[in-house]
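# Examination of the molecular architecture
Below are the chains, spelled out letter by letter.
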Amino acid sequence: MEKIGFTYIVDDDPLYNFGTKKILEFTAFSEEVSYFLNGEDAFKDLNKRIQEGAPLPDIILLDINMPIMNGWEFLDQVSKTDLKHPVKIFMVSSSINQDEIDRANSYPLVAEYIVKPLTLEKVKALKSRILEQ
């Protein structure tokens, strides 16, 4: 199975990021992965890449509750940005609140809402769905 080109992981939990990194490596999910502990750092990097003409992420796995800039604020900023590259955002949260799920799905850039934890099975299934599209 082939890989996704470039992925952003945006989550403030270092333990979650470590586990996600191992799962992504094991599943050969992506050629390249960048990790950010808040939405602001991810958005700054995204803007820098746009300005420099550098490759943009194909996939963003985005947490909702983070310091500095949360997932909603990140989505609001990215929605105003001309990406010139198809980016799929997957909201990854421990919340099962239907209002949050509906809110996430109201953003055109959000491809899917995934409930944590990210497991090996969830990542394999996600990769298959992404590559089939």
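Data block above holds the structure.
Residues numbered from 1 in each chain as written. Predicted model: local features only at pLDDT ≥ 70, side-chain atom pairs only at ≥ 80, totals over all residues. Heavy atoms only, no water.

### Some remarks on the pairing of strand β2 (residues 30–36)
Using the following cut-off: DSSP bridges decide pairing: two strands pair if at least two such bridges lie between them. Secondary structure follows DSSP: runs of H or I at least 4 residues long count as helices, runs of E at least 2 residues long count as strands, and numbering of each begins at the N terminus. Seen with its strands pointing away from the viewer, a crossover is right-handed when the path leading from the first strand over the helix to the second is clockwise.
Inspection of the sheet shows strand β1 (residues 4–10) paired to β2 by six bridges, in the parallel sense. Across the sheet, residue I9 finds its bridge partner in β2, namely Y35. In this fold, β1 hands off to helix α1 (residues 14–26), which returns the chain to β2; that crossover is right-handed.

### Brief notes about the packing of aromatic side chains
Counted only if it meets this: Note on aromatic contacts: the rings of Phe and Tyr and the six-membered ring of Trp form a pair at centre separations within 6.5 Å, being stacked when their planes are under 30 degrees apart, edge-to-face when over 60 apart, and tilted otherwise. Between buried and exposed lies partly exposed: a residue is buried under 20% and exposed over 50% of the maximum accessible area for its type, with that area taken using a 1.4 Å probe on protein chains only. Lysine and arginine charges are scored as sitting over a ring when NZ or CZ, respectively, is within 6 Å of the ring centre and within 35 degrees of the ring normal.
Scanning all chains against the criterion turns up four aromatic pairs. Taking the centre distance of 5.5 Å and the plane angle of 85° together, the rings of F6 and Y8 count as edge-to-face. What makes Y8 buried here is its relative accessible area of 0%. Summarising the aromatic geometry, the rings of F43 and F74 are spaced 6.3 Å apart at their centres and angled 90° between planes, so their arrangement reads as edge-to-face. Taken together, the positions of F43 in helix α2 (residues 39–52) and F74 in helix α3 (residues 71–79) put the pair 31 residues apart, joining distant regions of the chain. Assessed through its relative accessible area of 12%, F43 is described here as buried. Sitting above the plane of the Y16 ring, K116 keeps its charged end 4.2 Å from the centroid.

### Concerning α3
Where we set the bar: This arc is taken over the directions from the axis of the helix to the C-beta atoms. The contact definition used throughout considers only heavy atoms, calling two residues in contact when any of these lie within 4.5 Å. Between N or O atoms, a polar contact is any pair within 3.5 Å; within protein, one atom must be a potential hydrogen donor and the other a potential acceptor, and residues adjacent in sequence are included only when both atoms are from side chains.
Residues G71, W72, F74, L75 and V78 constitute the buried set of α3. Along the long axis of α3, the arc covered by the buried residues comes to 160°, so they all point the same way. Among the structural elements, α2, β3 (59–62), β4 (88–93), α4 (98–105) and β5 (110–115) are those in contact with the buried residues of α3. A distance of 2.9 Å separates the backbone nitrogen of W72 from a side-chain oxygen at the start of α3, and that oxygen is part of N70.

### Focus on the sheet that holds β1
Selection criterion: Working convention: axes come from line fits to C-alpha atoms, limited for helices to the stretch in contact. Angles between N-to-C directions cover 0 to 180 degrees.
Strand order in the open sheet formed by five strands is β2-β1-β3-β4-β5, and the pairing between neighbours is parallel. In this open sheet, the two edge strands, each paired with only one partner strand, are β2 and β5. Between one strand and the next, the sheet's axes are offset by a mean angle of 20°, whatever the strand orientation. The pairing of β1 with β3 spans four bridges and is classified as parallel. The partner of Y8 across the bridge, within β3, is I60. Against the sheet, α4 contacts β4 and β5, and its axis sits at roughly 155° relative to β5.

These figures capture arrangement, not role.
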